[in-house]
Amino acid sequence: MPIYEAPLRDMQFILHDVLDIKNTGLPGHDELDRDFTEAVLDAAGKLATEMLLPLNRVGDKQGCVLENGIVRTPDGFKGAFDALREGGWTALDCDPEFGGQGMPYLMGLATGEIFVSANMAFNMYQGLTHGAYSAIHTHGTDAQKQTWLPKMVSCEWTGTMNLTEPHCGTDLGMLRTKAEPQEDGSYRITGQKIFISAGDHDMAENVIHLVLAKAPGGGEGTKGISLFIVPKFLVNEDGSLGERNGVSVGSLEDKMGIHGNATCVMNFDGAQGWLLGDLHKGMRAMFTMMNEARLGVGLQGYAVAEAAYQNAVAYAKDRLQGRAVTGAENPGGPADPLIVHPDIRRNLMDQKSFLEGARMLAFWGAHQIDRAHAGEAEADGMISLLTPVIKGFLTDKGFETTVNAQQVFGGHGYIEEWGMSQFVRDARITMIYEGANGIQALDLVGRKLAADGGKYVMAFFDEIKSFIKTHEGDETLKQDFLEPLKAASKDLQAAAMYFMQHGMKNPNNALAGSYDFMHLFGHTVLGFMWTRMAVAAQAALQGGSGDADFLNTKLVTGRYYMQRQLPMTATHLARIESGADPVMALDAAQF
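The rules we used
- Residues numbered from 1 in each chain as written.
- Predicted model: local features only at pLDDT ≥ 70, side-chain atom pairs only at ≥ 80, totals over all residues.
- Heavy atoms only, no water.
- Helix = DSSP H or I, 4+ residues; strand = E, 2+ residues; numbered from the N terminus.
- Rg over C-alpha atoms; globule rule 2.2 N^0.38 Å.
- Buried < 20%, exposed > 50% of the residue type's maximum accessible area, 1.4 Å probe, protein only.
- Contact = heavy atoms within 4.5 Å.
- Areas by Shrake-Rupley, 256 points an atom, 1.4 Å probe, with all protein chains shown as cover.
- Lys, Arg positive; Asp, Glu negative; His and termini not counted.
- Charge placed at Lys NZ, Arg CZ, Asp CG, Glu CD.
- Phe/Tyr/Trp six-rings, centres within 6.5 Å; stacked < 30°, edge-to-face > 60°.
- Lys NZ or Arg CZ within 6 Å of the ring centre and 35° of its normal.
- 1 Å grid on protein atoms, 1.4 Å probe; cavity = no way out; pocket = protein on both sides within 12 Å on 5 of 7 lines; lining within 4 Å.
- Points joined across faces, edges and corners; volume = space filled by probe spheres on them.
- Core = buried A, V, L, I, M, F, W, Y, C linked by side-chain atoms within 4.5 Å.
- Axes fitted to C-alpha atoms, helices over the stretch in contact; angles between N-to-C directions.
- Parallel < 35°, antiparallel > 145°, perpendicular 65-115°, else oblique.
- Nonpolar A, V, L, I, M, F, W, Y, C, P; charged D, E, K, R; others polar.
- Polar contact = N/O pair within 3.5 Å; in protein donor to acceptor, adjacent residues only side chain to side chain.
- Expected span 1.5 Å × (residues − 1).
- Bend = angle between axes of the 7 residues up to and from the residue.
- Pairing = 2+ DSSP bridges.

Draft legend 1. Broad picture of the overall build of the protein chain. Along the protein chain, the regular secondary structure elements total 18 helices and 11 strands. In terms of overall dimensions, the protein chain is globule-like: its C-alpha atoms have a radius of gyration of 24 Å, near the 25 Å expected for 591 residues. When its C-alpha atoms are laid out on the principal axes, the protein chain stretches across 80 × 60 × 60 Å. By residue count, 57% of the 591 residues in the protein chain fall in the buried class. A fraction of 74% describes how many contacts in the protein chain between residues 6 or more apart in sequence connect residues 24 or more apart. Carbon and sulfur atoms provide 52% of the accessible area of the protein chain, an area that totals close to 24,000 Å². One finds the centroid of the 49 positive side-chain charges in the protein chain at a distance of 5 Å from the centroid of its 72 negative side-chain charges.

Draft legend 2. Inspection of unusual backbone geometry at higher detail. One non-glycine residue, N68, lies in positive phi territory at about 50°. Along the chain, N68 falls in the loop between strand 1 (65-67) and strand 2 (70-72). Unusually for a residue other than glycine, C155 sits at a positive phi of about 60°. Position of C155 relative to the elements: it lies in the loop between helix 6 (142-153) and strand 3 (157-162).

Draft legend 3. Expanded view of the packing of aromatic side chains. Applying the stated criterion to the full structure yields 18 aromatic pairs. On the numbers, 6.2 Å between centres and 65° between planes, the contact of Y498 with F499 is edge-to-face. Overall, the relative accessible area of 7% leaves F499 in the buried class. What links up through ring pairs into an aromatic cluster is the set W364, F460, F461, F467, Y498, F499, F517, F521 and F528. Sitting over the ring of F550, R9 keeps its end group 4.1 Å from the ring centre. Directly above the aromatic system of F233 lies the positively charged group of R244, at a separation of 5.6 Å from the ring centroid.

Draft legend 4. Quick look at the layout of surface pockets. The volume enclosed by the second largest pocket comes to roughly 730 Å³. Forming the boundary of the second largest pocket are 24 residues, of which E306, Y309, K352, E356 and T553 lie nearest the centre. For the lining of the second largest pocket, the element with the highest residue contribution is helix 8 (residues 342-373), accounting for 7 residues.

Draft legend 5. How the structure looks around the nonpolar core. Judged by nonpolar contacts, the single largest core of 183 residues is most densely connected at L210, F363, F460, F517, F521 and V525. The dominant element in this core, judged by the number of residues it contributes, is helix 7 (residues 282-318), at 20 residues. Setting aside residues no more than four positions away along its own chain, F363 makes contact with M11, I14, L15, L19, L106, L109, A110, E113 and Y302.

Draft legend 6. Seen up close, the packing of helix 9 (residues 377-408) against helix 15 (residues 514-543). It is at 9 Å that the axes of helix 9 and helix 15 come closest, and there the two elements cross at 90°. Between helix 9 and helix 15, the angle is such that the two are roughly perpendicular. Packed against helix 9, whose contacting residues are L385, L386, P388, V389, G392, F393, L394, D396 and K397, the element helix 15 presents Y515, M518, H519, F521, G522, H523, V525 and L526 at the interface. In the contact of helix 9 with helix 15, the residues fall into 11 nonpolar, 4 polar and 2 charged.

Draft legend 7. Inspection of empty space enclosed by the protein at higher detail. Applying the stated criterion to the full structure yields 5 cavities of 30 Å³ or more. Estimated volume of the largest cavity: approximately 520 Å³. Together, 28 residues line the largest cavity, and N123, G127, L128, H130 and G296 are the ones closest to its centre. Taken together, the elements giving at least two residues each to the lining of the largest cavity come down to helix 4 (105-118), helix 5 (120-139) and helix 7. Taken together, the residues of the lining of the largest cavity sort by class into 13 nonpolar, 12 polar and 3 charged.

Draft legend 8. Looking closely at the side chain of S186. Tracing the chain through its elements places S186 in the loop between strand 4 (178-181) and strand 5 (187-197). With relative accessibility at 1%, the residue S186 sits in the buried group. Within the local environment of S186, its side chain forms a polar contact with the side chain of Q272, the two groups lying 3.2 Å apart. Setting aside residues no more than four positions away along its own chain, S186 makes contact with E180, P181, Q272, G273 and W274.

Draft legend 9. Region of the structure containing the environment of L485. Secondary-structure assignment places L485 in helix 13 (residues 475-503). Judged by relative accessible area, L485 falls into the buried class, the value being 0%. The spacing of L485 and F98 is 387 residues in sequence and 44 Å in space, taken between C-alpha atoms. Beyond its immediate sequence surroundings of up to four residues, L485 is in contact with I464, I468, T524, G527, F528, T531, M562 and L566.

Draft legend 10. Quick look at helix 7. The terminal C-alpha atoms of helix 7, which comprises 37 residues, lie 54 Å apart, in line with the 54 Å expected from a rise of 1.5 Å per residue. Along helix 7, the sharpest kink reaches roughly 30°, centred on T288. Counting buried positions along helix 7 gives 29 out of 37 residues, so the element sits mostly inside the fold.

Draft legend 11. Just the pairing of strand 9 (residues 241-244), in detail. Pairing of strand 8 (residues 233-235) with strand 9, which is carried by 2 bridges, proceeds in the antiparallel orientation. Counterpart to V235 in the pairing with strand 9 is L241. What sits between the antiparallel neighbours strand 8 and strand 9 is a turn of 5 residues, in which G239 has the positive phi angle 90°.

Draft legend 12. A look at the pairing of strand 11 (residues 263-276). Counting buried positions along strand 11 gives 10 out of 14 residues, so the element sits mostly inside the fold. Here strand 7 (residues 225-231) pairs with strand 11 via 3 bridges, running antiparallel. Its bridge partner lying in strand 11, I229 is registered against W274. Here 5 bridges tie strand 10 (residues 247-252) to strand 11, and the two strands are oriented antiparallel to one another. Opposite L252, over in strand 11, you have C264 as the bridge partner.

Laid out in structure tokens, this is it:
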């Protein structure tokens, strides 16, 4: 069975040495000292390793089954879900008014990484519930919050998001699901939705669907879409469950991966639902859920890769193959371990340097959300800018990392018994759902760059510039970290300037370069994350605090990223500046 151990030391380093979360001044953060966060993360790690990890392969092999209209989850899932609920893990960062523990979002994300690494398909049940909770918490009436949120916080009831239909995915303006108003203020929802993760299952008493549909008078396109709360079971005035609503599972999708999660075709046959948020403005309410989900998917991208990497390292240290070119390093054995070979080291260093940078980016993004929740508009704008980068870049590179981890195993990586195939298959969906990565790139270039007159991308450039200026006197970091970061930032600014100069005349010039821009941005922000970690590690070493071996390893890994990965910004810039002509030169008939 594959192994996994929560990277607690690295998480603690980011939380306390880099972000210094206890001293941010944000509400609730003053309680997050090292001992407290260590206790929380250690407990999450034990649950993940002892209970969730063994069920990962069970879920992959068994999958979910639809029997007489009831979705059965794999053996052991219900017991594990009960343990998750009983431990309060589903309520960690939720509002105390509705039974939550009120911790910062950052702590929910950190524990989420651990659970995803151990069992991604399982964690999706609570992850989607949290997104639905957030949408109702932000846009619901007081009565709706009191009705739905307490049992969603506890995951006695779980939640979903219902967007996609057979004929429309990204283009939601084409959706056909209808909402007919009733005299009692409710609506009757009729239509079909597909690809609904955690759409139904046997682990919770009720499933609360958030459904996009068109009500009369909304007009064409997305401006006419509204969002509705549609429960599997209706709820009586006393909070008890009533009769079954007109919601059913048509079928389960036969998928490449995440077999342990029930991905459903959902049929709504005059189901009773209630408007969430304003009529005909459902996209605004749904985006509260979608933006959170996109950050969660970015986390999935690197969290699955973390588990794959840990297995690749263990295999590389154990598997004997060939001799080191500089002389035998295991003279008593028939061969040397794989890890002595430079190309294996390159592969593992690519993985390690990405994963640690990705974790820092995800934690920093979560910290921006906590700042935004505290009323900081600048932080809200920054995380809005970074969301497509976190989702798109971390999942592209996360999938690449799982493939690289599989490669370390050679032919054994292609055999199911080693478990590497599952990591690859599970990670693949992260590049597709919650907005395929091409859409993330278009969102970044088409909407986020120009938001508020480019205010937030300029703020990002200014933050890097200010950081470099603050630390430019540190000669130990200047050449290895500060100068490469400065060069990458200049490449990113040059790409943005190209879009301004050439995108207005021919929008295809911007759109043809959008995917490269997303990756250019991703490398630059990871370079920034690595430079921040290097400054923190160097300060701890000079102050004589912390584990010197860990801190030196951090610096060596960071130098690798800055020297071997960050130069990709120049390649992406060259592609962007080639414009749309090479991309659009062929007629459709010539493909």
